Amino acid sequence: MRDALSLADRCISFYLGEELTYEKVLDVLGAVDTEVYSALLHSILQGDAGSVLTQLAKQVEEGKDISFLVSDFTGYLRDILLLKASDQTAAMLDVSGEQMQQLLEDAGLIRDDTLVRYIHVLSDLASSLRYAYNKRVLAEIGMIRLCKPQMQKDELSLTERIRHLEKLAENGSRFVQSTSSGGKGDQNDFFPF
């Protein structure tokens, strides 16, 4: 209760005489709305690294702490994983009705193994950020890794890469051999277009 009163005092002092809105409270706390995490997840699922980096840059420009952003995004993905694991976990989550609806919608978009890979990447990133000199660069690399599983060699990433190639094959995409190695054709020379 004491913490709640302290937060209320901070909000009042920042916006004295003004209407206190949800957005203003998030601003005072340095928190990010779950809609931001949902949009970030959608861009990652589409493999749109440019959009992800733009969203990250916007949050940094608004003064959000990168470590908290990564930690809270991991928490958002954790909530989705819990929802996917059991119908009974919905009662355990401390979220509003709108946030629960957003979590449920996002849960329908992502596979369990992909979700676990994302959580692993973000957890590693969070650990690295503790002692990093340039947190933004590390966060950008981590976000790109989420968008591009081909950057990693672990089992979850390889499974995701295979799934992506199967999807491309189903859609009739072509595979083109790179000529950068003079036509020698090693295993890294094939790229889907």
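The next point concerns the environment of valine 121. Residue position: valine 121 is located in helix H7 (residues 112-129). Overall, the relative accessible area of 2% leaves valine 121 in the buried class. Sequence separation of valine 121 and arginine 145 is 24 residues, and the distance between their C-alpha atoms is 7.6 Å.

This next bit is on the packing of aromatic side chains. Under the definition given, this model contains 2 aromatic pairs. Taking 5.8 Å as the distance between ring centres and 20 degrees as the angle between the ring planes, the aromatic pair formed by tyrosine 37 and phenylalanine 73 counts as stacked. You can see tyrosine 37 sitting in helix H3 (residues 34-45) and its partner phenylalanine 73 sitting in helix H5 (residues 66-85), a full 36 residues away along the chain. Residue tyrosine 37 is classed as buried on the basis of its relative accessible area of 3%. A network of ring pairs unites the aromatic residues Tyr37, Phe73 and Tyr76 as a single cluster.

Generally speaking, soluble globular proteins have nonpolar side chains that are buried together. Counting residues in each nonpolar core, the largest one holds 31 residues, and the members touching the most others are Ile44, Phe73, Leu77, Ile80 and Met143. Looking at this core, the elements with two or more residues in it are H3, helix H4 (49-61), H5, helix H6 (97-107), H7 and helix H8 (135-147). The element best represented in this core is H5, accounting for 8 residues. The residues touching methionine 143, leaving out its near neighbours within four places in the chain, are Leu40, Ile44, Val52, Leu56, Phe73 and Leu122.

Glancing now at the confidence of the model for the protein chain. The predicted model of the protein chain averages 80 in pLDDT, with 80% of residues at 70 or higher. Mean pLDDT across the elements of the protein chain ranges from a minimum in strand E2 (residues 190-192), with 42, to a maximum in H4, with 94. Scored below 50 in pLDDT, residues 176-193 makes 20 contacts in the model with residues more than four places away or belonging to other chains.

Bringing the side chain of aspartate 106 into the picture now. The topology assignment puts aspartate 106 in helix H6. No salt bridge is formed by the buried aspartate 106, whose closest oppositely charged neighbour, lysine 84, lies at an N-O distance of 11 Å. Ignoring anything within four residues of it in the chain, the contact list for aspartate 106 reads Ser38, Leu41, His42, Tyr76 and Ile80.

Where charged atoms of side chains with opposite charge meet at close range, the side chains can pair. For the coordinates displayed, the defined rule picks out 4 salt bridges. Between arginine 78 and aspartate 79 there is a salt bridge whose closest N-O contact spans 2.8 Å. For arginine 78, a relative accessible area of 42% translates into the label partly exposed. The buried category is assigned to aspartate 79, whose relative accessible area is 14%. Glutamate 140 is paired through a salt bridge with arginine 136; the nearest N and O atoms lie 3.2 Å apart. Placement of the pair is glutamate 140 and arginine 136 together in helix H8, with a separation of 4 residues, close to one helical turn. Owing to a relative accessible area of 30%, arginine 136 belongs among the partly exposed residues under this scheme.

Rules and cut-offs
- Residues numbered from 1 in each chain as written.
- Predicted model: local features only at pLDDT ≥ 70, side-chain atom pairs only at ≥ 80, totals over all residues.
- Heavy atoms only, no water.
- Helix = DSSP H or I, 4+ residues; strand = E, 2+ residues; numbered from the N terminus.
- Buried < 20%, exposed > 50% of the residue type's maximum accessible area, 1.4 Å probe, protein only.
- Phe/Tyr/Trp six-rings, centres within 6.5 Å; stacked < 30°, edge-to-face > 60°.
- Core = buried A, V, L, I, M, F, W, Y, C linked by side-chain atoms within 4.5 Å.
- Contact = heavy atoms within 4.5 Å.
- pLDDT = per-residue confidence, 0-100.
- Lys, Arg positive; Asp, Glu negative; His and termini not counted.
- Salt bridge = Lys/Arg side-chain N within 4 Å of Asp/Glu carboxyl O.

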